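Results of the structural survey
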Amino acid sequence: MEHTNQRRTISAVAKKFLEENRYMIFIICFFTAFHFFIRPDYWDDAVYSKALEKFHYNLVEYTRYRYTMGSSRIFIEICLSVIAALPDMIWKITDIFMIVLLFLQLDCFAEFALDICRKERKGAVALLLCAFPFSSMASAGWMATTTNYLWVVALGLYVINRAVKVVKYQKSLSTVETVSMFLAVLYSASHELMAAILFLVLAAAMILYWRNGQKRISPVLLLSLCIVIGLLVYIACCPGNRQRILSDTENWMPEYFQLSVTDKIRMGMVTAFLHFVSIPSAVFFLFSCCCFMGTCCSTKKWYKRAVALLPAVIDCIWSTCYFISYFAGKNVMTYQAPLPLLGGADTLEQIALLFSLMVWLGSACCAICWSFPEKIRRWHCILLLGIGCAPELVLGFTPTVVASMLRTVIYLYMAMILVILCVWDAICEKIKKNRGVYIFLIAVSGMGIVLNAVQIIRHILVYG
């Protein structure tokens, strides 16, 4: 009898654990299946796997060389070179952990920063994260890309969520959280894009902390901000960054020094937009659809609904055009890239893309404003979209815009996922009453996951 009760207790505990963590378990299983076959041994991964060997495993000498000739991403480069020298399984396990961390931090930010408390939240985050085109995290090699982008975003979000806990909820961090936050700052702020984002976030957090009536300065926030400022100075002074621009110009874009400021802005905008429409993106399409659905649920004015429909229409038109061009033999089935200088064969296409993007962005911002009765939620979403778009725009000022855009769009993807969650939270009850629309949203998410899986499999088969 006692053994039977113990079995029932263990069974109940296991059932409860599976129920509470089913989405995290799904993400682990989904990505583990692909990581089992991934081979991080080509492109930049192959270079980094032998990097320490050339310096006789002297990290100080290696870091000094990279600072002078290569990159200012000091802690990322150290971790990457060490992991690349170890068995592949170390990176695979760590990468899956970072994907889970990204899922948890997106969910945490949605709940505590955006006040989204619906029970469907975790499931929506899991679906959208699995629909994110993970193969873009192999555009420079699996290890090199994930450590420089996915890990940076996951750890950066961890830092931001700890700042939210301190400022918004006036709670102290545990010793483990504090140490983890400092380590996360050191790693994530080694990347120039995340360093800029964390500087703005932590500076705003300090101001809000004082405005909330706190007489003392938060030592955690202050030290984190100081680390970020120190790393920004380190990045600005790094001779390797200037050296890298010259080598990247020679390898990727010989026309770079002929580009004007407007040309660089155009390259950033058009290259980013092409990423989302030249190969169909489920997350981008869902974002566009949510703009329309949010507006329809909040207003009956036909002109507002017409404007809110434009993002989805623009996405469909361009994706259809590229889909047709593939079968017409005009393009290969991969992400398209614009020519750096206007006057070439794609000049009219670039002008049309730029105009479409401006209309898409303007109508999306209008739709977001119309979707929420609360001004604070509107500004949250506009701010998230702006933070997501900024890295893509900044990337246009580098000679690696075409190659690096494949991975830099992770910032905009995460921003769109959070905005989708906000819109879903606002219209959830109304959408549930319309079963057809509800099934449509789930179906698009499912198709996005399938497309993501196909892209990963294709990349593994072609490259590794």
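Residues numbered from 1 in each chain as written. Predicted model: local features only at pLDDT ≥ 70, side-chain atom pairs only at ≥ 80, totals over all residues. Heavy atoms only, no water.

Some words on empty space enclosed by the protein
This is how the line gets drawn: Residues are called lining when one of their atoms sits within 4 Å of a cavity or pocket point, these points coming from a 1 Å grid over the protein atoms alone, where a cavity is a set in which a 1.4 Å probe fits but cannot get out and a pocket is an open set with protein on both sides within 12 Å along at least five of seven lines. Grid points are joined across faces, edges and corners, and a volume is the space filled by probe spheres set on the points. In this text, helices come from DSSP runs of H or I with a minimum length of four residues, and strands from runs of E with a minimum of two, each type numbered from the N-terminal end. Residues are grouped as follows: Ala, Val, Leu, Ile, Met, Phe, Trp, Tyr, Cys and Pro are nonpolar; Asp, Glu, Lys and Arg are charged; all remaining types, including Gly, are polar.
Here the structure, examined in full by the defined rule, presents 2 cavities of 30 Å³ or more. Here the largest cavity is characterised by a volume of approximately 80 Å³. Lining the largest cavity are 14 residues, with Ala131, Pro133, Pro280, Ser281 and Ala282 positioned closest to its centre. Going through the elements one at a time, α15 (282-298) and α21 (435-462) are the ones with two or more residues in the lining of the largest cavity. In terms of residue count, the dominant contributor to the lining of the largest cavity is α21 (4 residues). Grouping the constituent residues of the lining of the largest cavity by class yields 9 nonpolar, 5 polar and no charged. Of the pockets and cavities examined, the second largest cavity occupies roughly 40 Å³. If you trace the second largest cavity, you find it lined by Tyr62, Thr63, Arg66, Tyr67, Ser71, Ser72, Arg73, Ile74, Glu77 and Tyr234. Elements represented by at least two residues in the lining of the second largest cavity include exactly α5 (59-69) and α6 (74-85). Considering each element in turn, the lining of the second largest cavity owes the most residues, 4 residues, to α5. A class-by-class count of the residues in the lining of the second largest cavity yields 4 nonpolar, 3 polar and 3 charged.

Some points on the environment of cysteine 117
To keep things clear, this is the line we draw: The buried label goes to any residue with under 20% of its type's maximum accessible area, the exposed label to any with over 50%, and the partly exposed label to all in between, with areas taken from a 1.4 Å probe on protein chains only.
When you line up the elements, cysteine 117 lands in the loop between α7 (88-113) and α8 (121-131). Here cysteine 117 falls in the exposed class, since its relative accessible area comes to 58%. Distance from cysteine 117 to leucine 246, taken between C-alpha atoms, is 49 Å for residues 129 residues apart in sequence.

Quick notes on the pattern of salt bridges
Basically, it comes down to this: Here, a salt bridge means any Lys or Arg side-chain nitrogen found within 4 Å of an Asp or Glu carboxyl oxygen.
Summed over all chains, the structure comprises 16 salt bridges. Between glutamate 77 and arginine 66 there is a salt bridge, with its nearest N and O atoms 2.6 Å apart. Of the two residues, glutamate 77 sits in helix α6 while arginine 66 sits in helix α5, which places them 11 residues apart along the sequence. Grouping residues by exposure puts glutamate 77 and arginine 66 together as buried. The partner of glutamate 429 in a salt bridge is arginine 118, with the nearest N and O atoms 2.8 Å apart. Highlighted residues: glutamate 429 in helix α20 (residues 410-433) and arginine 118 in the loop between α7 and α8, separated in sequence by 311 residues.

Regarding the environment of leucine 157
Structurally, leucine 157 is set in helix α9 (residues 142-167). The exposure class of leucine 157 is buried, given its relative accessible area of 9%. With 56 residues separating them along the chain, leucine 157 and leucine 101 place their C-alpha atoms 9.2 Å apart.

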